[in-house]
Amino acid sequence: MAEPLIGRLVVIGLGLIGGSLGVALKAAGGCREVIGVARREGTGQQAVELGICNRATTSLEDVLAELEAGDVIFVAVPTLAVESVLGEMKGRLPAGVTVTDGASVKGSVVEAARAVWGEVPDFLVPGHPIAGSEKSGVTAAREDLYRDHRIILTPLDNTAEAHLQRVRAMWQAVGAEVLDMPVGEHDEVLAATSHLPHVIAYGLVDTLAHDSENENIFRYAAGGFRDFTRIASSDPVMWRDIMLANRDAILEAIDLYRGNLDTLRSAIDRGDGEYLMGVFTRAKAARDHFTKILAKKAYSEIMQAQEVTFIAQPGDTVSGTLRVPGDKSMSHRSIMLGSLAEGVTEVEGFLEGEDALATLQAFRDMGVVIEGPVDGRVVIHGVGMHGLQAPPGPLYVGNSGTSMRLLAGLLAGQEFDVTLTGDESLSKRPMNRVATPLRQMGAVIETGPEGRPPLQIKGGQPLKGIDYELPMASAQVKSCVLLAGLYAEGETSTLEPASTRDHTERMLAGFGYEVQRDGARASLRSGGSLRATKIDVPADISSATFFMVAAAIAPGSDVILEHVGINPTRDGAINILRQMGADIELDNRREVGGEPVADIRVRYAPLKGIQIPEDQVPLAIDEFPAIFVAAACAEGETVLTGAEELRVKESDRIQAMADGLKILGVNAEPTADGIVIHGAGEGAVFGGGTVDSLGDHRIAMSFAVASLRAGDTIRILNCANVATSFPNFADLAKRAGLKLQVA
Ligand code: S3P
């Protein structure tokens with residue numbers, strides 16, 4: 001058996017916190033022996049009987065005399081008793097013994113150590129397990145209390161590394177995750193997240209229990225009362241100590257809460273339902289998010305959950321009638337324009353993917369009341385062109401380039417400062433393409449190094465309209481400039497080198513805002529207003545393309561994709577696939593809220609390689625990863641040029657697809673602005689293998705589709721971001737006939 005991590009563990013205070021560490025470390029074989037120290041003899045005996053410690057005593061002095069280097073003392077007594085316990089140790093601790101604790105307030109432990117030793121000794125590692133229950137006492141101790149929970153250590157500058165490592169290893173041995181934090185930060189965070197809820201719960205139960213008119217309250221109290229007040233059953237001594245020990249931080253948290261409660265009170269008093277909806281929808285969104293985190297139990301699981309792998313077994317055909325989720329571009333814009341409109345905008349078909357939700361959250365953070373999404377339905381209570389408020393902190397938009405670039409334009413015209421940040425992939429993407437025209441309009445914007453995020457936008461800057469000739473075909477840049485133009489003096493116009501998606505222009509018109517369009521030029525004047533409207537977001541053609549390609553490459557396939565947006569600035573994939581010989585039929589064409597929509601039927605037909613016309617590139621810009629898979633199945637060579645923009649998407653899509661296709665045995669040669677793919681033709685199959693999607697949703701879904709023509713399993717790594725644009729992809733893919741597993 002391996003050497004235990006530490007020598008002996010001495011647990012002072014055999015309650016829930018101390019007892020649980022004893023029993024868990026003993027079970028994990030993490031120490032030679034657990035010695036319990038309790039004030040009362042009976043407690044010690046009980047702890048031995050319960051298997052919490054090997055032996056127990058009431059005399060700390062005796063135990064200290066037998067300790068040696070490598071042993072650890074865990075002080076698990078109520079916060080205000082820590083000082084006297086440390087006092088008992090003074091002058092009696094053998095060299096090399098580590099002392100740590102589990103008190104919920106760290107500032108007071110550090111002070112107690114100073115009071116005892118004059119300075120905080122280097123063997124003391126203050127710590128706090130973020131675990132517990134309303135139960136207390138030795139019988140509440142549980143072997144699994146710390147598994148998948150976090151332990152915060154608050155070492156000081158002089159804390160010795162060896163002692164720190166020992167404490168860290170001890171907690172890890174019982175399945176906990178250990179993080180470090182400065183003392184002050186710990187106490188502030190805990191005041192808000194733990195100490196304040198306890199004050200409120202104790203206070204609420206006491207209020208109701210003392211109110212004679214409320215004598216029936218407990219008889220009729222239901223789930224809400226029970227859930228909300230569970231923690232009022234916690235150990236009163238422990239919580240009294242915590243309140244006294246963390247006084248300043250708790251007072252600050254109480255004041256903040258009291259202010260909010262007063263505001264809620266007056267909203268209820270004056271019948272301000274709108275205000276209440278704002279608070280409740282924001283709180284619900286935050287709590288729903290937290291519920292998801294809780295469901296994953298531990299931070300480690302969340303991190304692992306990020307590592308989603310698709311395992312695609314070779315499959316043969318796809319069939320059925322499918323409706324893919326709502327259009328991502330329109331979903332973003334519906335929130336932005338709905339928020340700035342006057343009145344209430346109702347959206348149906350909203351994409352509940354992470355990207356569009358990031359935009360939704362950003363507007364909630366800026367004070368907009370947004371109900372939903374529930375089954376694709378969102379209700380936005382517009383605040384008018386000048387009604388946004390400064391967000392409480394930076395706006396984090398995750399993986400979403402559209403959120404960042406469009407918001408940059410909109411926010412450049414506001415009165416407040418704001419910072420936009422994103423995830424690792426977004427933080428590598430170019431932002432000068434929006435910062436440059438915005439600066440020309442008078443905006444004050446700072447980017448990170450090399451024009452990357454974060455974007456810091458200064459408020460209160462007067463903007464003036466410009467006539468901007470876009471250096472690249474980008475709907476995001478065009479939209480950014482036009483949205484800034486809503487706040488700029490005079491006229492703002494954009495001239496694009498090739499036609500790009502025009503949802504911003506169409507939707508502005510749908511909200512009653514005049515936009516002039518003349519070929520490649522779009523212009524608008526500031527000073528107008530947006531009128532709330534109803535928006536029916538059609539299914540996203542970019543998501544539909546994965547199934548169009550699936551049916552086009554898998555012999556015998558026949559799928560119908562319902563209610564897909566076929567805006568002429570988005571239909572490049574249909575045109576390109578048709579040119580390659582795909583059998584695509586558009587049925588039931590109609591117009592919905594200013595956007596053309598159709599049901600798309602695709603039946604298998606052999607494909608041939610083509611030279612992709614450059615004018616189709618911006619019209620199919622997001623569809624190329626899937627089109628490359630079609631090209632790999634086509635007879636002969638497919639050549640793409642003029643598509644350098646693909647190199648700055650969520651990944652370098654030219655390189656990522658070429659690398660993955662090569663692994664599957666496809667002859668694919670990247671070029672500076674495109675790719676040359678030598679298709680294997682009808683009947684040929686790819687090999688299997690492991691490909692990396694690099695966290696790019698569309699690369700992941702494209703290789704899943706490729707499995708239809710593979711001879712062996714394709715494993716696709718890093719697929720979590722599929723949730724940014726197509727959260728139910730795996731379910732729909734399986735329903736259509738793909739043999740896809742998510743691991
Ligand atoms: C989008 C525009 C395109 C596209 C992106 C969405 C939009 O980006 O790739 O997925 O909603 O305006 P570019 O403007 O960078 O081409």
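Thresholds, definitions, all that
- Counting from 1, residues in each chain are numbered in the order their sequence is written.
- Reporting in this predicted model follows two pLDDT cut-offs: at least 70 for local features of residues, and 80 or more for side-chain atom pairs to be given and counted; totals over whole chains, interfaces and linings ignore these cut-offs and use all residues.
- Excluding hydrogens and water, the side-chain figures rest on all heavy atoms present in the structure.
- Under the DSSP-based scheme used, a helix requires at least four consecutive residues in state H or I and a strand at least two consecutive residues in state E, with every element numbered from the N terminus.
- Burial classification: accessible surface area is computed with a 1.4 Å probe over protein chains only, and a residue below 20% of its type maximum counts as buried, one above 50% as exposed, and the rest as partly exposed.
- Note on definitions: a residue-residue contact is assigned when non-hydrogen atoms from the two residues lie within 4.5 Å.
- Calculation of accessible area relied on Shrake-Rupley with a 1.4 Å probe; when residues are assessed, cover is drawn exclusively from the protein chains displayed.
- Charge convention: Lys and Arg are scored as positive, Asp and Glu as negative, and His as well as the terminal groups of each chain are ignored.
- Charge placement uses NZ in Lys and CZ in Arg. For Asp and Glu, CG and CD serve respectively.
- Any Phe, Tyr or Trp ring, taking Trp's six-membered ring, that has another such ring centre within 6.5 Å forms a pair; planes under 30 degrees apart are called stacked, those over 60 apart edge-to-face, and the others tilted.
- Segmentation into domains, and thus their bounds, comes from an automatic or database assignment.
- Strand pairing is assigned whenever DSSP detects at least two bridges linking the two strands.
- In this analysis an axis means a line fitted to C-alpha atoms, helices contributing only their contacting stretch, and an angle means the value between N-to-C directions, from 0 to 180 degrees.
- Any residue with a heavy atom positioned within 4 Å of a molecule or strand is treated as near that molecule or strand.
- Polar contact is defined as a pair of N or O atoms within 3.5 Å, subject to the rule that within protein one atom must be able to donate a hydrogen and the other to accept it, and that residues adjacent in sequence are counted only when both atoms are side-chain atoms.
- For this classification, Asp, Glu, Lys and Arg are treated as charged, while Ala, Val, Leu, Ile, Met, Phe, Trp, Tyr, Cys and Pro are nonpolar and the rest, including Gly, are polar.
- UniProt positions are given in the numbering used here, feature names are shortened, and annotations may be inferred rather than shown by experiment.
- The criterion is simple. A nonpolar core is a set of buried Ala, Val, Leu, Ile, Met, Phe, Trp, Tyr and Cys residues joined through side-chain atoms within 4.5 Å.
- Between Lys or Arg on one side and Asp or Glu on the other, a salt bridge is scored when a side-chain nitrogen of the former is within 4 Å of a carboxyl oxygen of the latter.

**Q** Before we move on, can you summarise the overall build of the chain with the specific residues and values?
**A** For the chain, the helix and strand inventory stands at 26 helices and 34 strands. In the chain, which comprises 743 residues, the proportion classed as buried is 53%. Nonlocal contacts in the chain, meaning residues at least 24 apart in sequence, comprise 75% of its contacts between residues at least 6 apart. Of the roughly 30,600 Å² of accessible surface on the chain, a fraction of 50% belongs to carbon and sulfur atoms. Averaged over its 68 positive side-chain charges, the chain has a centre that lies 2 Å from the centre of its 98 negative ones.

**Q** A description of helix H17 (residues 432-440) should follow, citing residues and the corresponding values.
**A** Along H17, the residues classified as buried are Arg 433, Val 434, Ala 435, Pro 437 and Leu 438. Phi for Gly 442, located one or two positions after H17, is positive at around 110°.

**Q** A description of the packing of aromatic side chains should follow, citing residues and the corresponding values.
**A** Counted by the stated rule, this structure contains nine aromatic pairs. Their ring planes at 85° and their centres at 5.6 Å tell us that Trp 117 and Phe 123 sit as a pair that is edge-to-face. Relative accessible area serves as the criterion here: at 17%, Phe 123 is assigned to the buried category. Through pairs of rings, three or more aromatic residues link up here, namely Phe 310, Phe 546, Phe 547, Phe 726 and Phe 729.

**Q** So, the domain arrangement of the chain: which residues are in play, and what are the values?
**A** On domain assignment, one finds that the chain holds domain 1 (8-181), domain 2 (188-271), domain 3 (310-318 + 538-742) and domain 4 (330-535). The centre of domain 1, based on its C-alpha atoms, is set 57 Å off from the matching centre of domain 3.

**Q** So what's going on with the sheet that holds strand E34 (residues 739-742)? Residues and values would help.
**A** Within the open sheet, the four strands sit side by side as E32-E33-E10-E34. Their pairing is mixed. In this open sheet, the two strands that pair with only one neighbour each are strand E32 (689-692) and E34. When the angles between neighbouring strand axes are averaged without regard to direction, this sheet yields 20°. Looking at chain direction, E32 and strand E33 (residues 714-717) are connected through four bridges and run parallel. Directly across from Gly 689, in E33, lies its bridge partner Ile 714. The strands touched by helix H26 (residues 729-736) within the sheet are strand E10 (310-313) and E34, with E34 carrying the most contacts at an inclination of about 155°.

**Q** Outline the site of the ligand, listing residues and values.
**A** In the vicinity of the ligand, the contacting residues are Lys 328, Ser 329, Arg 333, Thr 402, Arg 405, Ser 474, Ala 475, Gln 476, Arg 501, Ile 621, Asp 622 and Lys 649. Ser 329 is positioned with one of its side-chain polar atoms (N or O) 2.7 Å from an oxygen atom of the ligand. Residue Lys 649 places a side-chain N or O atom 2.7 Å away from an oxygen atom belonging to the ligand. Within the complex, 96% of the 390 Å² of free accessible area of the ligand lies under protein. Contributions of two or more residues to the shell around the ligand are made by helix H14 (328-340), helix H16 (401-412) and helix H18 (475-485). No other element matches H14, which puts three residues into the shell around the ligand. Its residues placed into classes, the shell around the ligand shows two nonpolar, four polar and six charged. Structurally, the shell around the ligand is a two-domain feature, drawing no fewer than three residues from each of domain 3 (310-318 + 538-742) and domain 4 (330-535).

**Q** Mind laying out the UniProt feature "binding site: 3-phosphoshikimate" (unreviewed entry) in the chain, listing which residues take part and the relevant values?
**A** Under the feature "binding site: 3-phosphoshikimate" (unreviewed entry), the UniProt entry names Lys 328, Ser 329, Arg 333, Ser 474, Gln 476, Asp 622 and Lys 649. Residue class for Lys 328 comes out buried when judged on its relative accessible area of 8%. Residues within four places of Lys 328 in sequence aside, it is in contact with Leu 351, Asp 355, Thr 402, Asp 540, His 697, Arg 698, Thr 724 and Ser 725. In this structure, Ser 329 sits in helix H14.

**Q** Talk me through the nonpolar core; I want residue IDs and the actual numbers.
**A** Counting residues in each nonpolar core, the largest one holds 85 residues, and the members touching the most others are Phe 547, Leu 561, Ile 600, Phe 624 and Phe 729. The element best represented in this core is helix H20 (residues 541-553), accounting for ten residues. Not counting chain neighbours up to four residues away, the residues in contact with Phe 729 comprise Phe 310, Phe 546, Phe 547, Met 701, Ala 704, Val 722 and Leu 740. Core analysis: the next-biggest nonpolar cluster, separate from the first, contains 66 residues, Met 366, Val 397, Met 441 and Leu 486 among them.

**Q** Account for the pattern of salt bridges, naming residues and giving values.
**A** Here the structure, examined in full by the defined rule, presents 43 salt bridges. Between Asp 327 and Arg 570 there is a salt bridge, and its shortest N-O distance comes to 2.8 Å. Highlighted residues: Asp 327 in the loop between strand E11 (319-322) and H14 and Arg 570 in the loop between strand E26 (558-565) and helix H21 (572-579), separated in sequence by 243 residues. Of the two residues, Asp 327 and Arg 570, neither departs from the other in class, the shared state being buried. In this structure, the salt-bridge partner of Asp 622 is Arg 653, at a minimum N-O distance of 3.8 Å. In this pair, Asp 622 sits in the loop between strand E28 (595-603) and helix H22 (624-633) while Arg 653 sits in helix H23 (residues 653-663), placing the two residues 31 residues apart along the sequence. Among the residues examined, Asp 622 registers a relative accessible area of 11% and is labelled buried. By relative accessible area, which is 0% here, Arg 653 ends up buried. Salt bridges linked by common partners bring Arg 8, Arg 32, Glu 33, Arg 55, Glu 66, Glu 68 and Asp 71 together as one network.

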